[in-house]
There are 4 protein chains.
Amino acid sequence: MQSSPKPRADAQSTAALESLLGAYQRVRAQTLELAAPLSPEDCVLQSMPDASPVKWHLGHTSWFFETFVLEPGLPRFAPYREAYRVLFNSYYVTVGPRHPRPERGMLSRPSLDEVLAYRSSVDERMHALFARHPEQAARLAELIELGLHHEQQHQELILTDVKHALSRNPLLPAYQRARGHSGRAPETMRWEALPDGVRRIGHDGEGFSFDNERPRHRVFVGHCEVADRLVTNSEYLAFIADGGYRRPQLWLSEGWDQREAQRWEAPLYWIARDGGWSQFTFEGVRALEPDEPVTHVSYYEADAYARWRAARLPTEAEWETVAGGREPAGNFLESGRLHPAAPSAGAASGQFFGDAWEWTSSSYAPYPGFRASEGAVGEYNGKFMVNQYVLRGGSCATPATHIRASYRNFFPAAARWQFSGIRLARDPS
Amino acid sequence: MQSSPKPRADAQSTAALESLLGAYQRVRAQTLELAAPLSPEDCVLQSMPDASPVKWHLGHTSWFFETFVLEPGLPRFAPYREAYRVLFNSYYVTVGPRHPRPERGMLSRPSLDEVLAYRSSVDERMHALFARHPEQAARLAELIELGLHHEQQHQELILTDVKHALSRNPLLPAYQRARGHSGRAPETMRWEALPDGVRRIGHDGEGFSFDNERPRHRVFVGHCEVADRLVTNSEYLAFIADGGYRRPQLWLSEGWDQREAQRWEAPLYWIARDGGWSQFTFEGVRALEPDEPVTHVSYYEADAYARWRAARLPTEAEWETVAGGREPAGNFLESGRLHPAAPSAGAASGQFFGDAWEWTSSSYAPYPGFRASEGAVGEYNGKFMVNQYVLRGGSCATPATHIRASYRNFFPAAARWQFSGIRLARDPS
Amino acid sequence: MQSSPKPRADAQSTAALESLLGAYQRVRAQTLELAAPLSPEDCVLQSMPDASPVKWHLGHTSWFFETFVLEPGLPRFAPYREAYRVLFNSYYVTVGPRHPRPERGMLSRPSLDEVLAYRSSVDERMHALFARHPEQAARLAELIELGLHHEQQHQELILTDVKHALSRNPLLPAYQRARGHSGRAPETMRWEALPDGVRRIGHDGEGFSFDNERPRHRVFVGHCEVADRLVTNSEYLAFIADGGYRRPQLWLSEGWDQREAQRWEAPLYWIARDGGWSQFTFEGVRALEPDEPVTHVSYYEADAYARWRAARLPTEAEWETVAGGREPAGNFLESGRLHPAAPSAGAASGQFFGDAWEWTSSSYAPYPGFRASEGAVGEYNGKFMVNQYVLRGGSCATPATHIRASYRNFFPAAARWQFSGIRLARDPS
Amino acid sequence: MQSSPKPRADAQSTAALESLLGAYQRVRAQTLELAAPLSPEDCVLQSMPDASPVKWHLGHTSWFFETFVLEPGLPRFAPYREAYRVLFNSYYVTVGPRHPRPERGMLSRPSLDEVLAYRSSVDERMHALFARHPEQAARLAELIELGLHHEQQHQELILTDVKHALSRNPLLPAYQRARGHSGRAPETMRWEALPDGVRRIGHDGEGFSFDNERPRHRVFVGHCEVADRLVTNSEYLAFIADGGYRRPQLWLSEGWDQREAQRWEAPLYWIARDGGWSQFTFEGVRALEPDEPVTHVSYYEADAYARWRAARLPTEAEWETVAGGREPAGNFLESGRLHPAAPSAGAASGQFFGDAWEWTSSSYAPYPGFRASEGAVGEYNGKFMVNQYVLRGGSCATPATHIRASYRNFFPAAARWQFSGIRLARDPS
């Protein structure tokens, strides 16, 4: 994580600072908007160790700016509350002690109001930094930008974590009112052929990127074919109907063990009801939409589904090669609203960005020549590079300005609470 | 649990009903008072499977009246919310399905306000029952009385559970403002001799009792001596200083295993600080009060301490024989305030009631001739009669009107989050 | 555990020593006889932490004599192997460190032959003690006697532990050849009335007893009725057929949780086959014998069964009062063979001894005035007096000379691998 | 796994069959040789779910030939014992049910003698196949060859599993007598530069290979440097001395969690004694040999060590590119003895084969175009391709004829009971 490696002289100009401040205001406001439909009680829940309370996300994203920007940037800096430095530190051992992650659900105090006050204080001091110490703001521009991308990651986690927490409530409450759904039937899946050759993947240096997307480097990609859209719910239903969850031959051995231990019979949030399937969504329970991309599947399920289709998951190099030409427009300095809804059904050809995180077959590993960022923010990515799989593309819960072709998301193979879906690839026969 | 077995003609009189209604109002109001210092976020926490969120206690105690009184008593009864019948059922399998206990901490909805509205609805309908269907109220008087005692049990659990939840917060927040403490030094422990003979224990039929206190029956109690007060913090400190937590010879084998697994070094809520001991209390952290009775010890610790003193814990028959003559005055129809504080230091001779629950060496078992109450409320006590130990006397968190000599509380030997303390007994040498 | 408290002048006479030596030889030989049908590989298995490998039992019983008799009794004692002092110490913390119990199954070395050589060495030195140091043998006579009773306990454990280990093998191998079974139909269950009154229970001082059987003391026993025989397999089948394992109302709450977690559907070792029930026994799998007493049930199952019969389990005082008059003849100084088979079907009225250990409703606790034996052997019993239930009577796997009316066996409520059965009691209606 | 893809006309000739039979005899004899120093009791131990009893390895390798060669190859095939088809099936769900892996340690029966008789029966029938049905032997030649490589894998597991089992015994028994150790000091670590370019890795089709080594394919390897020898014990000691096990900054996050949970302070089998380090080996405990390669480290430790050295682990492509030119001579049809000892100290430049399995940073994944073998043996490799890391080179416990440059071993990142060591790589600065 961290910004582009070359000097950003422009960011030091007034215009650049103003633009950055505008981005700061928009991103911070959007986080509050996401929390708005929730009660203080919703915001304190931690439904599993992998997830965090919304209140904690609100505090932690503020802590990030306080720790990495305000503390080095403000002349007479004092922390808002000494205790928050521990409470809201996620995993930065270099920075100091941390409240244990599985204990975050015990934090009834500070109250939501107190955390919001903390946010306001950080915002005020950030404004002061921009207004009174522009040279410091310019010096720390990259860390500010990093903080905004960091906050966007937590925006998505707020949504996925609260969805998981609400799903644990037998009342199955909705996060928001129901909206119309497109329901357009997807076209037949087509395969895009990729000729073999040495490709370049990784971030090219324009605009923001995390350290794990760098350096851009060469990789040999063999001849293969990649599907032009995601697997839909109805296609996945055929897998279930064909005994997909009953046939160990289709599964990785470890995946089968998980399936048995967790008693998986369908994607997470699917509910068998009255002979059909419903789905728990941000809008409560509704009938399963057959044309939407299947989401909330683990790597194991994605892999088993692909095997059943006599296909496989793409590698991240294949994915980036195919998706690279379709780079989504926009970046967060401009606009980008977040409508946490369902992934779009029947998306136009491509559907590479903004519907579901797509499991790749690539284990999360450092790129050749990878160097973690300097200082505490160097803990951002590198130390998680083991036993996780890369997901690409961005989901319907990802802020639009946070999406780019070189982005590497990563989760353990058993994770299902993200909007994770399936794109197929195959070798030419 | 359930009221006295003989007919209660008087309860059918208007005066008796008025008195019962008054009691209902007092007890219900007191529950709200206990929750008053807490935020909605405090009220949603479940810090361990043994404990429940305050909000759940508020709902469950209302559910009890709705299910066992309003439903059979009101002509055109309809449940307030169908879903609450499952959400707020604790363990009554006869009544229907239950929300799993360890999941109670996931209930951000219904909100605290909604649960309070539920309480109000129950209260209104209870008033309607008394006002418009007095004959039904009279018929159900015993169940109403049971419901009040049930609610008092949950009043105590509200306090012990919220104390536990707050203790998990690194901010160690206080439940209430600090009050003065007596600090009077206790007198030397004296031993009251009990000659052998056949005694009668169990409830004698006057006033309310739970089914597990009945029937009153004969038991042979051998010659023994019982201490006239509880063990104090300073006395317990001497045990620690003498290596009490390092010497397996002093412990039950299973207790030692627990001690090692849980890394117990002192009672729950004791905090080693600056070379001394502090204690987490309802008032936050304060210095350990040497003269207060030691509390928050497990059965294993109580037993080890007694062995170290060349003594033992009393049986419940010994306890009741000695305490019986000191029966506390008052019953809940009259008054009884609840000051959740610390147990009293240096109590006058006796100290049998209202300071700490006193571990006895008696496994929780049915009295000879025990019969569980009829119907669903028969699940109240009997099905828990295995692998638990009886505690007697009532603690500083027990409503005063809830305390009586025949009362049998019970917890597993490892439980420490109750105000559980130690009274010694010994055999004549 | 330990012998009678009064002086045993006779044991010091030559005749008494000869008698003791004879007993020693018989008991030690019998242990080897029990291990004879087993291969070295059988003897190394540990199928669960509660059980121990046969080889370990062989070593530990020898360690007991070496540690508590030879070391204090032989002038120039040296341990056979220094390492065995740790390996074969069970739980005597006073004696020194112990190899962790769940690790006993890792002891491929010492080999079975080496352990048998260790036994021989202990036997030779015991003979030397009797022959050359009779005054020491006389001084230690009580510990020798204790060692023999200790070894008899382990004889039973050898059988129950190896049965459990063999049951884990899908080949379900037999420990011994099939023998004929009596198959006599039991008579109708009759109830023996017990009038109320103060009774005396506990060991009366004649012959050997463990410390936990003492002191003999008074206890009040109310009017009740006790069944004159054990519950049979066919009677238990009726409970299963009536949904006994499906109705939580019949169970203790904790028992039901166990049932669900362990998926109990029948007693341990019962196998549903071809529409009927078979049973794994020392003779391999055979059809369930309807007239034999049901065995291998937990306390929870025994309790649920009794509740289903509108009865209850007897207390240990009730049991001893009824069984006391039927005291079995014989003691180990005389004879007593051990035929590990099945419990007898259709036993004559009584059936109190030698068929199945009978669960009582009494939690295992010290008798009033209990004092643990002096020294390390004081760890024998007392430190296990929590969360266990007393079983009485002795099973078909108990050496006949080891059985007596005051004997208190004890196991946790979930234990099923002992020959534990059910006797009913009830209160007069 | 499975042999070379092109037709093997020569294998059908008499000479080829004779050669194959000779190989069969040598490999099978070597397995028995490895078990020779062990007692029946040693052979029944299972010290953890990851390991298997030696007896099971002996049975399973025979089951492999019986199932995949004798059954399809012998005219009137009947299984040796029906029960063995389940007992000795490891993980081939296509073949039928399997005895659960963690239960293998409960198999006292069949006895070691019975398993050896099973082996003899398989060997006799294999000879009969070669002698009387050479056309069948020729048809199944590839599966026979596969069976031999499969057996060689289990030869190594016999050694690593028995080492682990013996290490759990406090007597720390030796597997074999002590031998001399070379003790030659290693030379300074040198770095071999690898220029960037497209490389080919994977098996080239000459001789045997497993399916996971195929197909040979192109991969881009960037400019890097690879160490010319393994990290030694003394070099690893410097890491420990520098607080390597105390500094979370050096570790992957998940590795640090493991380190804390497992309390790792040094490689497996290292024993802190008298102020220095000893090591449990096949020869019992001996002083740590400073010049030997460090072994028995997890992926996490290897990674942390590399980070401490400002280096990294090589990818498998880098490894194979560097090691490819140093391909070890010999194949199992010729000779190859197995001396389970320690890895060689101070090996000549290279040390790529036969000292320690070398962790690579590559997650175990299918090669582009990978196709699992047809039939049940297709379960051999592919289904394990998740959350494991590739190790290369072969250890001192690997049969010499089993080693080749394209061989891909794989274990979870936490595995330490294999002879796993560390080779460093680095990016040019």
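In this text, all values refer to a predicted model and were calculated from it rather than measured experimentally.

Draft legend 1. Highlighting the overall build of chain A. Tallying secondary structure elements over chain A gives 10 helices and 12 strands in all. Its C-alpha radius of gyration of 22 Å places chain A within 12% of the 22 Å reference for a compact globule of 429 residues. Referenced to the eigenvectors of the C-alpha coordinate spread, the extents of chain A come out at roughly 65 × 55 × 40 Å. The proportion of buried residues among the 429 residues of chain A is 61%. Sequence-distant contacts in chain A: of pairs separated by 6 or more residues, those separated by 24 or more amount to 81%. Only carbon and sulfur atoms are counted for the fraction: they give 50% of the accessible area of chain A, which is about 15800 Å².

Draft legend 2. Representation of the interface of chain B and chain A within the structure. Listed as interface residues are 29 residues of chain B and, on the opposing side, 29 residues of chain A. Note on chain B versus chain A: buried area summed over both sides is about 2300 Å², and carbon and sulfur give 57% of it. On the chain B side of the interface with chain A, the three residues burying the most area are B:E41, B:M106 and B:R109, jointly 33% of the side's total. Counting across the chain B and chain A interface gives six salt bridges. Residues B:E103 and A:R168 are paired through a salt bridge, measuring 2.7 Å at the closest nitrogen-oxygen approach.

Draft legend 3. Local environment of the side chain of D:S406. All names here are of chain D. Along the polypeptide, S406 turns up in the loop between β9 (389–392) and β10 (409–411). The buried category is assigned to S406, whose relative accessible area is 6%. Separated by 2.7 Å, the side chains of S406 and E213 make a polar contact.

Draft legend 4. Spotlight on the sheet that holds strand β7 (residues 284–287) of chain D. Residues and elements named next belong to chain D. Taken in spatial order, the three strands make up an open sheet running β5-β6-β7, and their pairing is antiparallel. Of all the strands in the sheet, just β5 (270–273) and β7 have a single pairing partner and so form its edges. Neighbour-to-neighbour, the strand axes of the sheet open up by a mean angle of 35°, direction not taken into account. Summarising the sheet, strand β6 (residues 276–281) and β7 pair through four bridges and their orientation is antiparallel. The partner of F280 across the bridge, within β7, is V285. Sitting on the sheet, helix α7 (residues 233–241) is in contact with β5 and β6, with an inclination near 65° to β5.

Draft legend 5. Geometry of the packing of helix α1 (residues 14–35) of chain B against helix α2 (residues 54–73) of chain B. Residue and element names in this part refer to chain B. One way to put it is that α1 packs onto α2 with a least axis distance of 10 Å and a crossing angle of 165°. Taken as axis vectors, α1 and α2 run roughly antiparallel relative to one another. Our pair here, α1 against α2, has a crossing hand that is left-handed. Contact residues: α1 offers Y24, R28, T31 and A35, while α2 offers V54, L58, T61, S62 and F65. Taken together, the residues of the contact of α1 with α2 break down into five nonpolar, three polar and one charged.

Draft legend 6. The packing of α2(B) against helix α6 (residues 141–167) of chain B, seen in detail. Residue and element names in this part refer to chain B. Contact geometry of α2 with α6 gives a least axis separation of 9 Å together with a crossing angle of 170°. Compared by their axis directions, α2 and α6 come out roughly antiparallel. On α6, the residues touching V54, W56, H57, L58, H60, T61, F64, F65, F68 and V69 of α2 are L143, I144, L146, G147, L148, H150, E151, H154, L157, I158, D161 and V162. Taken together, the residues of the contact of α2 with α6 sort by class into 14 nonpolar, six polar and two charged.

Draft legend 7. How the structure looks around the domain arrangement of chain A. Residue and element names in this part refer to chain A. Domain parsing of chain A yields domain 1 (7–167) and domain 2 (191–426). The interface is formed by 36 residues belonging to domain 1 together with 33 residues belonging to domain 2. Of the roughly 3000 Å² buried at the junction of domain 1 and domain 2 (both faces included), carbon and sulfur atoms supply 63%. Contact with domain 2 buries surface across domain 1, with H149, E156 and K163 losing the most and accounting together for 23% of the total. Linking domain 1 with domain 2 are zero salt bridges. On the surface where domain 1 and domain 2 come into contact, there are 16 residue pairs in polar contact (both at pLDDT 80 or more). Among the elements of the structure, α1 (14–35), α2 (54–73) and α6 (141–167) are those that each provide at least two residues to the side of domain 1 that touches domain 2.

Draft legend 8. Molecular detail of the sheet that holds strand β6 (residues 276–281) of chain C. Residue and element names in this part refer to chain C. Overall, antiparallel pairing links the three strands, which are arranged β5-β6-β7 in an open sheet. Edge positions in the sheet fall to β5 (270–273) and β7 (284–287), since each has one partner strand and no second. The mean angle between the axes of side-by-side strands here comes to 35°, regardless of whether they run parallel or antiparallel. With four bridges connecting them, β5 and β6 associate as antiparallel partners. By the bridge assignment for β6, A272 is matched with W277. Across the face of the sheet, helix α8 (residues 233–241) comes into contact with β5 and β6 while running at roughly 65° to β5.

Draft legend 9. Geometry of helix α10 (residues 316–324) of chain A. Counting buried residues along α10(A), eight of its nine residues qualify, which places the element largely inside the surrounding structure. Along α10(A), the positions that sit buried rather than exposed are A:E316, A:A317, A:E318, A:W319, A:E320, A:T321, A:V322 and A:A323.

Draft legend 10. Local environment of the relation of the copies chain B and chain A. Expressed as a screw transformation, the operator carrying chain B onto chain A has a rotation angle of 180° and an axial translation of 0.0 Å, and the superposed copies differ by an RMSD of 0.0 Å. As the rotation angle and translation indicate, the two copies are arranged about a two-fold axis. Measuring from the rotation axis to each C-alpha of chain B, the shortest distance belongs to B:E41, at 2.5 Å. With an isologous cut-off of 70% or more, the 100% of interface residues of chain B that recur at the interface of chain A puts this contact in the isologous class.

Draft legend 11. Region of the structure containing the side chain of D:K163. Residue and element names in this part refer to chain D. Inspection of the secondary structure assignment puts K163 in helix α6 (residues 141–167). Within the structure, the side chain of K163 is placed 2.9 Å from the side chain of H296, a separation counted as a polar contact. Here K163 is in contact with Y269, F280, T281, F282, H296 and F419, once residues within four sequence places are set aside.

Draft legend 12. How the structure looks around the environment of B:V219. Mapped onto the elements of the fold, B:V219 is located in strand β3 (residues 217–221). Spatially, the C-alpha atom of B:V219 lies 27 Å from that of B:T401, the residues being 182 residues apart in sequence. Ignoring anything within four residues of it in the chain, the contact list for B:V219 reads B:G197, B:V198, B:R199, B:I201, B:A317 and C:F220.

Draft legend 13. Summary view of the environment of D:E192. Residues and elements named next belong to chain D. With respect to the secondary-structure elements, E192 resides in strand β1 (residues 191–194). Relative accessible area serves as the criterion here: at 28%, E192 is assigned to the partly exposed category. Those residues in contact with E192, other than ones at most four positions away along the chain, are C224, E225, V226, V322 and R326.

Draft legend 14. View of the pattern of salt bridges. In total, this model carries 116 salt bridges over all chains according to the counting rule given. If you follow the salt bridges from partner to partner, you end up with A:R28, A:R119, A:D123 and A:E151 in one network.

Draft legend 15. Seen up close, helix α1 (residues 14–35) of chain D. Residue and element names in this part refer to chain D. A rise of 1.5 Å per residue sets the reference length of α1, with its 22 residues, at 32 Å; its end C-alpha atoms lie 32 Å apart and thus fit the reference within 8%. By the burial criterion, the buried members of α1 are L17, L20, L21, G22, A23, Y24, V27, R28, Q30, T31, L34 and A35. Elements that come into contact with the buried residues of α1 comprise α2 (54–73), α4 (112–132), α5 (134–139) and α6.

Draft legend 16. Region of interest: the pairing of strand β8 (residues 357–363) of chain B. Residues and elements named next belong to chain B. Most of β8 is tucked away, with six of its seven residues classed as buried. Of the strand pairs in this sheet, β8 and strand β9 (residues 389–392) are connected by three bridges, and their pairing is antiparallel. Considered in β9, the bridge of E358 is made with R392.

Rules used in this analysis
- Residues numbered from 1 in each chain as written.
- Chains lettered and ligands numbered in written order.
- Predicted model: local features only at pLDDT ≥ 70, side-chain atom pairs only at ≥ 80, totals over all residues.
- Heavy atoms only, no water.
- Helix = DSSP H or I, 4+ residues; strand = E, 2+ residues; numbered from the N terminus.
- Rg over C-alpha atoms; globule rule 2.2 N^0.38 Å.
- Buried < 20%, exposed > 50% of the residue type's maximum accessible area, 1.4 Å probe, protein only.
- Contact = heavy atoms within 4.5 Å.
- Areas by Shrake-Rupley, 256 points an atom, 1.4 Å probe, with all protein chains shown as cover.
- Buried area = accessible area lost by both parts, 1.4 Å probe.
- Salt bridge = Lys/Arg side-chain N within 4 Å of Asp/Glu carboxyl O.
- Polar contact = N/O pair within 3.5 Å; in protein donor to acceptor, adjacent residues only side chain to side chain.
- Pairing = 2+ DSSP bridges.
- Axes fitted to C-alpha atoms, helices over the stretch in contact; angles between N-to-C directions.
- Parallel < 35°, antiparallel > 145°, perpendicular 65-115°, else oblique.
- Left-handed = near helix turned anticlockwise from the far one by under 90°.
- Nonpolar A, V, L, I, M, F, W, Y, C, P; charged D, E, K, R; others polar.
- Domains from an automatic or database assignment.
- Least-squares fit on C-alpha atoms with pLDDT ≥ 70 in both.
- Expected span 1.5 Å × (residues − 1).

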